[in-house]
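# Structural overview for review
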Amino acid sequence: DWTMASFRDAKIADIREQVGSGRVICGLSGGVDSAVAAVLIHEAIGEQLTCVFVDHGLMRAGEAEQVVSLFRNSYNIPLVHVDASRDFLAGLDGVSDPEKKRKFIGAEFINVFEAEAKKIGGADFLAQGTLYPDVIESVSFTGGPSVTIKSHHNVGGLPERMNMKLVEPLRELFKDEVRELGRELGLPDAFVGRHPFPGPGLAIRIPGEVTKAKCDILRKADTIYLEEIRNAGLYDAIWQAFAVLLPVRTVGVMGDFRTYDYVCALRAVTSVDGMTADIYPFDAAFLSRVATRIVNEVQGINRVVYDYTSKPPGTIEWE
Ligand code: XMP
């Protein structure tokens, strides 16, 4: 009968068969999926694997450090840490269409992996933590005509000019199964239980044009929000929570002064697999505490709103 332990053994055998004596580059995004994929592949092929963590400058506060320390210290899996934030932010300059942002970021990841592959004398495979829902949602809308909702950054294959093939051992799994596999592989609970974080990062949480200044403002608001969620003991009851920085400025008053600053939207949902979601019903005291802290502590934001839209008709991310 089917267990996660037998799935793991079967996948290790599959990976060995697919890869042979080839070299594999695995892109780590900071999230659970790519970390689980990397640890699984490392079990299968050891030193044939090189992990590359690409910091695109669109991470949450502290995200990069956590992944780097997990891999270097706990797992002793060698990790190349690439700071590509200047290239990513430069490429996003002036881009405000959601699909253009996603496509650019996906292509830029590939560029970085290709460059890293060259440095190690070439790689035969690129490994990714693509899940089943990523595949479905990028391809079609269930039950309806074939329409792309969003191009998930890691779905869509590799450019033809590349000689690399994809290794995607999680392609048939849902999120809860990936977490179980992560535990099976000995990843710490706190890491496995992290909320999903999308590959395109904060770029899709800043509707309109993305700048470093906006990312910095958003990171501060997001940190406060998540801190309050943890303090209230709600982190594990929520599938995903994050702040969004709207491209809208409104008038406010702070002390004796008029302010004219950005609006921040808060999102929190419950879900089983990310395909459908309900809003998390915070109590009013919690929301006003978060709103007060954000407006008081984050320069550039003077108004906070809560997103009350389920999925469908909304999606979880705003872009
Ligand atoms: P949406 O916004 O489509 O999100 O309702 C569903 C889940 O997928 C995550 N998401 C992504 N994850 N690359 C990822 O790795 C992406 O391009 C991407 N887009 C959305 C989202 O955070 C949510 O958990």
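Remember, predicted model here, so these are calculated numbers, not experimental data. (Residues numbered from 1 in each chain as written. Predicted model: local features only at pLDDT ≥ 70, side-chain atom pairs only at ≥ 80, totals over all residues.)

## Some words on the UniProt feature "binding site: ATP" (unreviewed entry) in the chain
In the numbering used here, UniProt assigns the feature "binding site: ATP" (unreviewed entry) to Ser29, Gly30, Gly31, Val32, Asp33, Ser34 and Ala35. The class for Gly31 is buried, based on 20 C-beta atoms found within 10 Å. With near-sequence residues (within four places) excluded, Gly31 lies in contact with Pro196 and Phe197. You can see Ala35 is positioned in helix H2 (residues 32-45). For Ala35, a count of 29 C-beta atoms within 10 Å gives the class buried. Excluding residues that lie within four positions of it along the chain, Ala35 makes contacts with Leu28, Val67, Leu187 and Phe191. (UniProt positions renumbered as here; feature names shortened; annotations may be inferred. Buried ≥ 20, exposed ≤ 12 C-beta atoms within 10 Å, placed from the backbone. Contact = placed C-beta atoms within 7 Å. Helix = DSSP H or I, 4+ residues; strand = E, 2+ residues; numbered from the N terminus.)

## Structural notes on the sheet that holds strand S5 (residues 165-167)
One open sheet accounts for five strands, arranged S3-S2-S1-S4-S5; its pairing is parallel. Pairing within the sheet leaves two strands with one partner each, and these edge strands are strand S3 (79-83) and S5. Averaged over all pairs of adjacent strands, the angle between strand axes in this sheet comes to 30°, irrespective of strand direction. (Pairing = 2+ DSSP bridges. Axes fitted to C-alpha atoms, helices over the stretch in contact; angles between N-to-C directions.)

## Here's the deal with the site of the ligand
Around the ligand sit 14 residues in total, of which Pro196, Pro198, Thr315, Ile316 and Glu317 are the nearest. Counted by class, the shell around the ligand contains four nonpolar, six polar and four charged residues. (Near = placed C-beta within 6 Å. Nonpolar A, V, L, I, M, F, W, Y, C, P; charged D, E, K, R; others polar.)

## So, the nonpolar core
By size, the foremost hydrophobic cluster in this structure holds 77 residues, and its most contacted members are Val24, Cys26, Val36, Ile41 and Ala221. Not counting residues up to four positions away in its chain, the partners in contact with Ala221 are Ala243, Cys264, Ile294, Val298 and Ile301. (Core = buried A, V, L, I, M, F, W, Y, C linked by C-beta atoms within 7 Å.)

## A closer look at the packing of helix H9 (residues 212-231) against helix H10 (residues 284-297)
Between H9 and H10, whose axes approach to 10 Å, the crossing angle comes to 150°. As judged from the angle between their axes, H9 and H10 are roughly antiparallel. Crossing hand, H9 versus H10: right-handed. Counting all contacts with H9, which are made through Ala221, Ile224, Tyr225 and Glu228, the residues of H10 involved are Arg289, Val290, Arg293, Ile294 and Glu297. (Parallel < 35°, antiparallel > 145°, perpendicular 65-115°, else oblique. Left-handed = near helix turned anticlockwise from the far one by under 90°.)

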